[in-house]
Amino acid sequence: MKQVLYFYMNGCPYCRQASGWLDELMREHPEYANIPLRRVEEREERAYANGFDYYLVPTFYVDGVKVHEGVATKSVVEAVLQKALS
């Protein structure tokens with residue numbers, strides 16, 4: 001199982017939507033709940049976030065590799081979680 005890094009910003013409507021899908025998918029699929037997930041609010045953890053190459057939020061990394069950047073759909077969020085399981 002690989003770690004997921006989820007970069008977001010409070011107040012971002014796309015991030016709020018992606019966060020809701022993360023929570024929903026974890027309730028629907030118990031196997032996702034065991035995935036190590038770190039949520040990083042980029043303004044609160046600016047020094048850490050600056051170490052990663054992305055421009056838009058929400059952004060997802062799986063095992064240190066960027067797998068999605070920008071507006072996400074529920075299916076995109078699920079693909080990120082599936083990638084972390086593989």
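Values in this document were obtained by computation on a predicted structure and should not be read as measured data. (Residues numbered from 1 in each chain as written. Predicted model: local features only at pLDDT ≥ 70, side-chain atom pairs only at ≥ 80, totals over all residues. Heavy atoms only, no water.)

What about the packing of aromatic side chains?
Right, on to step 1. A full pass over the atoms with the stated rule returns 8 aromatic pairs.
Right, on to step 2. With a centroid separation of 5.0 Å and 50° between ring planes, the pair formed by Phe7 and Phe52 is classed as tilted. Pair noted here: Phe7 is in strand S1 (residues 4-8) and Phe52 is in the loop between helix H2 (46-49) and strand S3 (59-62), with a separation of 45 residues, a long-range link.
Right, on to step 3. Given the relative accessible area of 22%, Phe52 is considered partly exposed. (Phe/Tyr/Trp six-rings, centres within 6.5 Å; stacked < 30°, edge-to-face > 60°. Helix = DSSP H or I, 4+ residues; strand = E, 2+ residues; numbered from the N terminus. Buried < 20%, exposed > 50% of the residue type's maximum accessible area, 1.4 Å probe, protein only.)

As for the pairing of strand S4 (residues 65-69)
Right, on to step 1. Pairing between S3 and S4: 4 bridges, direction antiparallel. Following the sheet pairing, Tyr61 is matched in S4 by Lys66.
Right, on to step 2. In this antiparallel pair of consecutive strands, S3 and S4, the connection spans 2 residues, and Asp63 shows a positive phi of 55°. (Pairing = 2+ DSSP bridges.)

A few points about the packing of helix H1 (residues 13-28) against helix H3 (residues 74-85)
Right, on to step 1. Interaxial distance between H1 and H3 falls to 9 Å at its minimum, and their mutual angle equals 60°. In this view, H1 runs oblique relative to H3, as classed from their interaxial angle. Considering the relative orientation of H1 and H3, their crossing is right-handed. Residues Ala18, Trp21, Leu22, Glu24, Leu25, Met26 and Glu28 of H1 lie in contact with H3, whose contacting residues are Lys74, Val77, Glu78 and Leu81.
Right, on to step 2. The residue inventory of the contact of H1 with H3, partitioned by class, reads 7 nonpolar, no polar and 4 charged. (Axes fitted to C-alpha atoms, helices over the stretch in contact; angles between N-to-C directions. Parallel < 35°, antiparallel > 145°, perpendicular 65-115°, else oblique. Left-handed = near helix turned anticlockwise from the far one by under 90°. Contact = heavy atoms within 4.5 Å. Nonpolar A, V, L, I, M, F, W, Y, C, P; charged D, E, K, R; others polar.)

Remarks on the nonpolar core
Right, on to step 1. Residues Val4, Tyr6, Phe7, Leu22, Phe60, Val77 and Leu81 are the most contacted members of the largest nonpolar core, which totals 26 residues.
Right, on to step 2. Among the elements of the structure, S1, H1, S3 and H3 are those that each provide at least two residues to this core.
Right, on to step 3. If one sorts the elements of this core by residue count, H1 sits on top with 6 residues.
Right, on to step 4. If we ignore the near neighbours within four places in the chain, the residues touching Leu22 are Tyr6, Leu37, Arg39, Phe60, Val77 and Leu81. (Core = buried A, V, L, I, M, F, W, Y, C linked by side-chain atoms within 4.5 Å.)

Observations concerning the sheet that holds S3
Right, on to step 1. Taken together, 4 strands build an open sheet; the order of strands is S2-S1-S3-S4 and the sheet is mixed. With one partner strand each, in any of the chains shown, strand S2 (37-41) and S4 form the two edges of the open sheet. Each neighbouring strand pair of the sheet contributes to a mean axis angle of 20°, computed without reference to strand direction.
Right, on to step 2. The sheet contacts of H3 involve S1, S3 and S4, and relative to S3 the element is tilted by about 15°.

Function cannot be inferred from these measures alone, as they are strictly geometric.
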